[in-house]
Structure formats: C-alpha cells, structure tokens
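Next come the chains, spelled out residue by residue.
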Amino acid sequence: MTTAIIGTGRIGSVIARQLASGGETVRLSSADRESARALAAQIGPAAVVAAGNHDALQGADAVVLALRFAVLKSVITEIADRLAGKLVVVPSNPLGMDAQGNISRLLPEGQSSGKVIAGWLPAGARLAMAFGTLPADVFEAASNRSPEPAVLFYATDDDRAGEEVERLIRTAGFEPVKAGGIEQSSRLEVGGDLHELVVGPAQARSLIGGA
Ligand SMILES: NC(=O)c1ccc[n+]([C@@H]2O[C@H](COP(=O)([O-])OP(=O)(O)OC[C@H]3O[C@@H](n4cnc5c(N)ncnc54)[C@H](OP(=O)(O)O)[C@@H]3O)[C@@H](O)[C@H]2O)c1
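Procedures and definitions
Residues numbered from 1 in each chain as written. Predicted model: local features only at pLDDT ≥ 70, side-chain atom pairs only at ≥ 80, totals over all residues. Heavy atoms only, no water. Helix = DSSP H or I, 4+ residues; strand = E, 2+ residues; numbered from the N terminus. Rg over C-alpha atoms; globule rule 2.2 N^0.38 Å. Buried < 20%, exposed > 50% of the residue type's maximum accessible area, 1.4 Å probe, protein only. Contact = heavy atoms within 4.5 Å. Areas by Shrake-Rupley, 256 points an atom, 1.4 Å probe, with all protein chains shown as cover. Lys, Arg positive; Asp, Glu negative; His and termini not counted. Charge placed at Lys NZ, Arg CZ, Asp CG, Glu CD. Salt bridge = Lys/Arg side-chain N within 4 Å of Asp/Glu carboxyl O.

1. Things to note about the overall build of the chain
Turning to step 1, where the next piece is worked out: Assigned secondary structure in the chain consists of nine helices and 10 strands.
Turning to step 2, where the next piece is worked out: Relative to the globule expectation of 17 Å for 211 residues, the C-alpha radius of gyration of the chain, 16 Å, shows essentially globular dimensions.
Turning to step 3, where the next piece is worked out: Taking all 211 residues of the chain together, 51% fall into the buried category.
Turning to step 4, where the next piece is worked out: Long-range pairs, those at least 24 residues apart, make up 67% of the contacts in the chain between residues at least 6 apart in sequence.
Turning to step 5, where the next piece is worked out: With the model as given, the accessible surface of the chain reaches about 9,300 Å², and the carbon-plus-sulfur share is 50%.
Turning to step 6, where the next piece is worked out: For the chain, the centre of its 19 positive side-chain charges and the centre of its 23 negative side-chain charges are spaced 3 Å apart.

Pasting the structure below:
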C-alpha cells in the first residue's frame, strides 16, 4: 500500500524509512523538496518524491503529517480536497520555540491537540494521533525489536482509522496499542505519561488502564 509522508525532517525521515523497510510505498514531500529528494535516494525504489504536498496524496491510502505544529493547519488547508476518505496520521507535538530558543506548549494547558487538529480536517478524513511518542533515534532503535516487539501508542475516535493506523504501526515494526479517543492525545505528547516509553504489549496495556 502507499502512504504519503509530508515532512521529511527528523521524525518524518525515520517513519518513512521504517514504513518502506516494512514493504510500504512512500510518497515524500518537504518544504523545499531537497530533504525529500535526499531521503528518497537513501530509501530506494520504495520511495517516490512528490511534486508537492498536494501531489504526495496522489494514489495514497494514508498520509502522515510529520510537521511542526505551527505549520500543520496551513498544510491541511493546502491538501484538504485530497483528504476525504483518507487516514491522516499526526505525530506532531503542540510545541513551539520563541526567538530565545524557549520551548512552550502552543495550546492552553489541558486542551487536546488531537481535538484541535480534528477541527481543522475536512469531513471524511479519519484522524489518528500516532508515531510521535518516541524521539526519532529511539523510534529507529526500538523498531522490529525481538523477541517482544515495542509498542507504539495511538489515539483515535474512528474505528476504521484505528485499524488502518494499526497496520501502519505494524509495518513500521511495532505493536499498536490504543491509548483511547482523540482527546487522549495529551497522554502521547511531550509531558504525557505515555510519551517516550519503550515498553512491550503487556506493560503498555496495564499503563492504559492505570491512567
Ligand atoms: N524529532 C523527533 O524526535 C520527534 C519525535 C516525535 C514527534 N516529533 C514531532 O514531529 C513534528 C516534526 O518534528 P521534526 O523534529 O521532524 O521537525 P523537523 O526536523 O523540523 O522537520 C519538519 C519537516 O517539515 C517540513 N516542512 C515544513 N513546512 C512544510 C510545508 N509547508 N510543507 C511541507 N513540508 C514542510 C520540513 O521541510 P524541509 O526538510 O524542506 O525543511 C521538514 O522536512 C513536531 O511536531 C515534533 O514535535 C518529533
């Protein structure tokens, strides 16, 4: 199957590599196309460089928006007419950096980023918050772990999105565990209790119940 990956920076490039090594075709797009081109050259025939964000969705079953939170809304607007009927996967943390390099949450405390992003999507798009719980280097190191796979948590309100994102998580070499509905995305983000955890399925399920 085919997944568009918009944003080929630190997390997008690792997601693309892991999906491609699991057999997925990836269509890549970045701001200036250079990082998408370099990544595609590294991945090989399983990767296609798209002509732009809109073109990345051509023939894709799903899209991963591996973008900083501040640009998500404008990219969603740009590709909105291609999102109906598609799984939209968002790994973004709702963080921003000021001119002094201070990092802060861009949403009020307690506001779910998943709910906010759901409000930006057109009707018919199916949202899952996923692939953002582990730092890129940890993600790469933990994929295809043996004998017990590492877990990637996800959150969604949509059963079909859940099935689709579980397939992508397995393709990337992890075991999927649902944290809950989209309002639970704050558990997945930086500062959340499920963020940056490399755990197996049994421990993951006990953590879900223990919140
Ligand atoms: N880095 C991590 O370890 C990590 C882990 C988990 C979650 N996350 C979350 O994932 C998100 C991305 O983080 P990151 O570290 O991967 O950021 P990053 O390295 O800065 O990469 C951002 C990517 O977005 C692309 N981009 C920017 N504006 C765009 C536009 N208008 N259209 C298409 N592509 C555009 C950039 O293109 P160019 O390459 O052309 O500049 C770049 O490839 C953040 O919200 C972060 O919180 C990151």
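2. As for the pattern of salt bridges
Turning to step 1, where the next piece is worked out: According to the stated counting rule, one finds 11 salt bridges in the structure shown.
Turning to step 2, where the next piece is worked out: The salt bridge involving Glu24 is made with Arg167; its shortest N-O contact spans 2.9 Å. One end of the pair, Glu24, is in the loop between α1 (10-21) and β2 (25-29); the other, Arg167, is in helix α7 (residues 159-171), with 143 residues separating them in the sequence.
Turning to step 3, where the next piece is worked out: Relative accessible area serves as the criterion here: at 2%, Glu24 is assigned to the buried category.
Turning to step 4, where the next piece is worked out: For Arg167, a relative accessible area of 28% translates into the label partly exposed.
Turning to step 5, where the next piece is worked out: Across the salt bridge formed by Arg27 and Asp55, the nearest N and O atoms sit 3.1 Å from each other.

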